[in-house]
Amino acid sequence: MTNAIRRAFDAGTRDWTGRPGPNYWQLQTDYTINVSLDPATQTLTGTETILLRNNSPQDLPTITLRLDHNIFRTRVPFASSWVPGEITDGMVVTKIAVNGTAIDLAPAAGGGGGRGGAGGGARRLSASNLDKTVAQISLAEPIPAKGSATLEIGWHTKLPSGPGSGHRMIQRYEDRLFQPTQWYPRVAKYDDLRGWDTNLYLGPSEFYNNFGRFDVKIDVPAGWIVSGTGVLQNPQEVLTAKARERLSHVLASDEVLTIVGDDEVGPGQATAAGDRLVWHHVAEMVNDFAWATARKYTWKATRATIPGKGAVPIHMVYEPARAAQYANAGPVARHALEFYSKLWAPYAFPQLTLQDGPSAGMEYPMVINANQGAADHETGHQWWPMMVGNNETWYGWMDEGFNQYMNILSGADSRGTAPNLNRQGQSYGSMSGQETEAPMMWNANYAGTGYSYQTYSKTPLMLSMLGGIVGDAEVQRAMSEYTKVWAFKHPSPWDYIFFMNNQLKQDLNWFWYYWLWTTESVDGSIANVTTAGARTTVTVRQAGQMPSPVVLRVQFAAEGPALKPMANAKIEGTSALVTWPVDVWFSGKRTFDAVLDFGGRTITSIQLDPGCRFPDRDASDNVWPKGTTPTAPPVGGARPAGTCAG
């Protein structure tokens, strides 16, 4: 436990149950935004008012802002694996006022970069680093604990194009389609662990945002369709009567309906008539806002039926040339919403939109910038971090990693087969020890070339091993409870660990330590097998640093004396699954003698870790006799004998 989480425990904001503590709090930021798009210059110009509710027990003498578009300025740091593409002026802030008092944003004399305003005493209202991705406002009067403040900000930014690898930040196709993300000045997250989140935006790693209400008005040319986070408030002003009538039928069936067709283009056809139209969206209790608009979007819609909630609409907007990539997008998104609602918790939002554009794999509240190829994965993000507010910048494994795990389950369900998590955990043995791999608890923002593995790939392997210890159904049950308890809050890894320990009724701290804080593996093997009378001793060797339970699948001859029960064994026909707890290794021994006493029936084969769940560099030494593959009953009828079995 780091000092940050210890302070939270001492303050009573978190505790050993893994639930929010009695003194848990979080900031809330409510945004009212007016923004206008000029397609000719590819520029957004906006004003926003932010009501910052300081629910913390501390006065706030400063406010940290996130200005992500400044990553496109020169001399701004970005990750080596991320290429910004187009260089722009970034996010140009033209006005900041706090509680009605404006900051003088003119550059300070002498080029020192200081910007200040009213104050005149020991403290003055000022802003700094407005040309960086993280800026700061120093307040003349702190925001009191349990108090609030109002910020007014004016700004403009050019939406970038170009060949950069930072896919979520390539936000336009020429002057015909725009997909704004991270497009407005945001108040950074402030929490009970570290105060203000001052991690720079470097490109690959994602976000950690406050929850709040968004009231957004988007001014675009008439004929341009706008989609985005939230619910459209003024359909009578921006949609045609024909589109409104079509929308009224979306929740009636699973049919995919056309709202605006390929042949409906321009003012009076795609949208209401006029020169420019203002689209008004409102979203309650979300942690971000994204949108898209195009001169020519085809708009289709269908529904998903959420358990305990009913039907919600799924919207799809795309350029006609990419219709094939959206042909199955509605059913894929429907399955994801319905499946994950049953798996974790009911989908929390009133709609979901799939938006076409240069980003084809990114998520925001109620919005996924994706076609059918990434629809399942990106829809999964509506649970984390959009519902459970993980810190993606520090702990990407709690976001992308959980998502990769649940995608395995969803994929199997969509095919009508049982999910197979075998070999997932075992496969980590071949990766463990690579010098480019950062431990999962290393700040993902600085994971370097190993970011993808650390953030995406490793968590399913970890949860595969956990399922091999407690059962996959138990893992998923516990995570469902975790989702419900931490909905619209901000859990840390320690909250997750302690919650899972309590739900699974085991002290699994050894497990979490090795998977999250190290890059160690198990590396088990069957070193020797000897038989004396009716007793067989299996010497298991542990060559790695990560411990694991000792799990043996023992196969017997078809005929012979009746099998005698063992307290730690489950007998299934002519085989038995025998388990010894992980603490057989806690004395530091490298070998363990597993004694089998099933009576006089001949043992024909033995397999260590038959579910292939524990990280192992070489699984060939997990079987006896050497060079054989023991027969074992398939799990769920999905695998033939001789393969991994749970």
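Every chain's residues receive numbers from 1 upward, in the order its sequence appears when written. Note on the predicted model: pLDDT of at least 70 is required for a residue's local features to be given, and 80 or more for side-chain atom pairs to be given and counted; whole-chain, interface and lining totals, by contrast, use all residues. The basis for every side-chain value is the complete set of non-hydrogen atoms in the structure, without hydrogens or water.

Draft legend 1. Up close: helix α8 (residues 451–470). Here α8 contains 20 residues, and its C-alpha end-to-end distance of 29 Å stays within 8% of the 28 Å for a straight helix at 1.5 Å per residue. The largest bend in α8 amounts to roughly 45 degrees and is located at Lys458, with the proline Pro460 lying one to four residues further along. Between buried and exposed lies partly exposed: a residue is buried under 20% and exposed over 50% of the maximum accessible area for its type, with that area taken using a 1.4 Å probe on protein chains only. Runs of H or I in DSSP of at least four residues are treated as helices and runs of E of at least two as strands, each being numbered from the N terminus. With 15 of 20 residues buried, α8 lies mostly within the body of the structure. Just past α8, the residue Gly471 takes up positive phi, approximately 100 degrees. To estimate how far a helix should reach, multiply one less than its number of residues by 1.5 Å. Working definition for bend: take the seven residues up to and ending at a residue and the seven starting at it, fit an axis to each, and measure the angle between the axes.

Draft legend 2. Representation of the sheet that holds strand β2 (residues 43–53) in the model. DSSP bridges decide pairing: two strands pair if at least two such bridges lie between them. Taken together, the 8 strands give an open sheet; going across it, the order is β5-β4-β9-β2-β1-β15-β19-β17, and neighbouring strands pair in mixed fashion. Of all the strands in the sheet, just β5 (101–102) and β17 (231–232) have a single pairing partner and so form its edges. Both strand β4 (residues 91–98) and β5 contribute to a ladder of 2 bridges, which runs antiparallel. Counterpart to Ala97 in the pairing with β5 is Ala102.

Draft legend 3. Main features of empty space enclosed by the protein. Buried and open spaces are told apart on a 1 Å grid over the protein atoms alone, a cavity being a set of points where a 1.4 Å probe fits but cannot get out and a pocket being an open set with protein on both sides within 12 Å along at least five of seven lines. Residues with an atom within 4 Å of a point are the lining residues. Grid points are joined across faces, edges and corners, and a volume is the space filled by probe spheres set on the points. Applying the stated criterion across every chain, the model contains 5 cavities of 30 Å³ or more. Every residue lining the largest cavity is counted, 14 residues in all, and those nearest its centre are Phe207, Asn209, Asn287, Pro385 and Glu392. Residues were grouped as follows: Ala, Val, Leu, Ile, Met, Phe, Trp, Tyr, Cys and Pro as nonpolar; Asp, Glu, Lys and Arg as charged; and all remaining residues, including Gly, as polar. Partitioning the lining of the largest cavity into residue classes produces 6 nonpolar, 4 polar and 4 charged.

Draft legend 4. Representation of the layout of surface pockets in the model. The volume enclosed by the second largest pocket comes to roughly 340 Å³. Every residue lining the second largest pocket is counted, 20 residues in all, and those nearest its centre are Leu232, Leu247, Trp299, His315 and Gln351. Elements represented by at least two residues in the lining of the second largest pocket include exactly β16 (225–228), β17, β19 (276–286) and β22 (310–318). Among the elements that line the lining of the second largest pocket, the one with the most residues is β16, at 4 residues. Across the lining of the second largest pocket, the residue classes tally to 13 nonpolar, 7 polar and no charged.

Draft legend 5. Spatial organisation of the confidence of the model for the protein. Per-residue confidence from the predictor is reported as pLDDT, which spans 0 to 100. On average, the protein scores 93 in pLDDT, and the residues at 70 or more come to 94%. Contacts are assigned to residue pairs that have any heavy atoms within 4.5 Å of one another. In this model, residues 110–114 is a region of pLDDT below 50 whose contacts with residues beyond four sequence positions or in other chains number 4 contacts. Counting interchain partners and residues more than four positions distant, the pLDDT-below-50 stretch residues 631–642 has 20 contacts.

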